[in-house]
Amino acid sequence: MKLIIGIINNDDANDLLTEITKASFQATKLSTSGGFLKMGNVTVLVGVEDDQVAQVVDIFKTCCSRRTQMIPTTTPFMGEGFISATPVEVTIGGATLFVVDVDKMIKL
């Protein structure tokens, strides 16, 4: 048995969980926040049999695409506060997956 831990963009969570459910898997969603850009992330936990890992990874690939987005930036202003600078294009989305072995699963 494997535990898939997926960290994804908050915008991708609903589509991903819908597709995971359609494929008859169960998932747990945890709201988290990322260090980069301070944007909302979601951590999704999915327990599967060894031979089902590829199927779940494919669902993540389908639902969690990378895309670019313009992010406003600020720069320190001599004196007080910050001033707005030119927005920067950054890549967001995608997924970071960890697949770990599970020694035992117990449902209570």
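Residues numbered from 1 in each chain as written. Predicted model: local features only at pLDDT ≥ 70, side-chain atom pairs only at ≥ 80, totals over all residues. Heavy atoms only, no water.

1. A look at helix α1 (residues 13-22)
Item 1. Listed as buried for α1 are Ala13, Leu16, Leu17 and Ile20. Looking straight down α1, one finds that the buried residues subtend no more than 95° of arc, so they occupy a single side. Seen from the open side of α1, the exposed residues pointing more than 90 degrees away from its buried face are Asn14 and Lys22.
Item 2. On its buried face, α1 is in contact with β1 (2-9), β2 (27-33), β3 (40-48) and α2 (53-63).
Item 3. Just downstream of α1, Ser24 is the residue with a positive phi angle, here 70°. (Buried < 20%, exposed > 50% of the residue type's maximum accessible area, 1.4 Å probe, protein only. Helix = DSSP H or I, 4+ residues; strand = E, 2+ residues; numbered from the N terminus. Arc of directions from axis to C-beta. Contact = heavy atoms within 4.5 Å.)

2. Observations concerning a nonpolar patch on the surface
Item 1. Taken together, the side chains of Ile7, Phe98 and Val100 define a hydrophobic patch exposed on the protein surface, amounting to about 220 Å² of accessible area.
Item 2. With respect to the helices, strands and loops of the structure, Phe98 is situated in strand β8 (residues 95-101). (Patch = residues over 30% accessible without salt bridge, like charges linked within 9 Å, V, L, I, M, F, W, Y side chains within 5 Å. Areas by Shrake-Rupley, 256 points an atom, 1.4 Å probe, with all protein chains shown as cover. Salt bridge = Lys/Arg side-chain N within 4 Å of Asp/Glu carboxyl O.)

3. Re the nonpolar core
Item 1. With 18 residues, the main nonpolar core has Ile8, Leu16, Ile20, Val44, Val46 and Phe60 as its most contacted residues.
Item 2. The set of elements that each furnish at least two residues to this core consists of β1, α1, β3 and α2.
Item 3. Ranked by residues supplied to this core, first place goes to α2 with six residues.
Item 4. Excluding its chain neighbours within four sequence positions, the residues that come into contact with Ile8 are Ala13, Leu16, Asn41, Val42, Val44, Phe60, Cys64, Gly94 and Ala95. (Core = buried A, V, L, I, M, F, W, Y, C linked by side-chain atoms within 4.5 Å.)

4. Overview of the pattern of salt bridges
Item 1. Taken as a whole and assessed by the stated rule, the structure comprises two salt bridges.
Item 2. A salt bridge links Asp101 to Lys2; the nearest nitrogen and oxygen atoms lie 2.2 Å apart. Taken together, the residues span a long stretch of sequence, with Asp101 in strand β8 and Lys2 in strand β1 at a distance of 99 residues.
Item 3. Asp101 gets classed as exposed once you look at its relative accessible area, which sits at 57%.
Item 4. Two residues, Glu19 and Lys22, come together in a salt bridge whose shortest N-O distance is 3.4 Å. Here Glu19 and its partner Lys22 are both found in helix α1, three residues apart, which amounts to about one turn of the helix.
Item 5. Judged by its relative accessible area of 32%, Glu19 falls in the partly exposed class.

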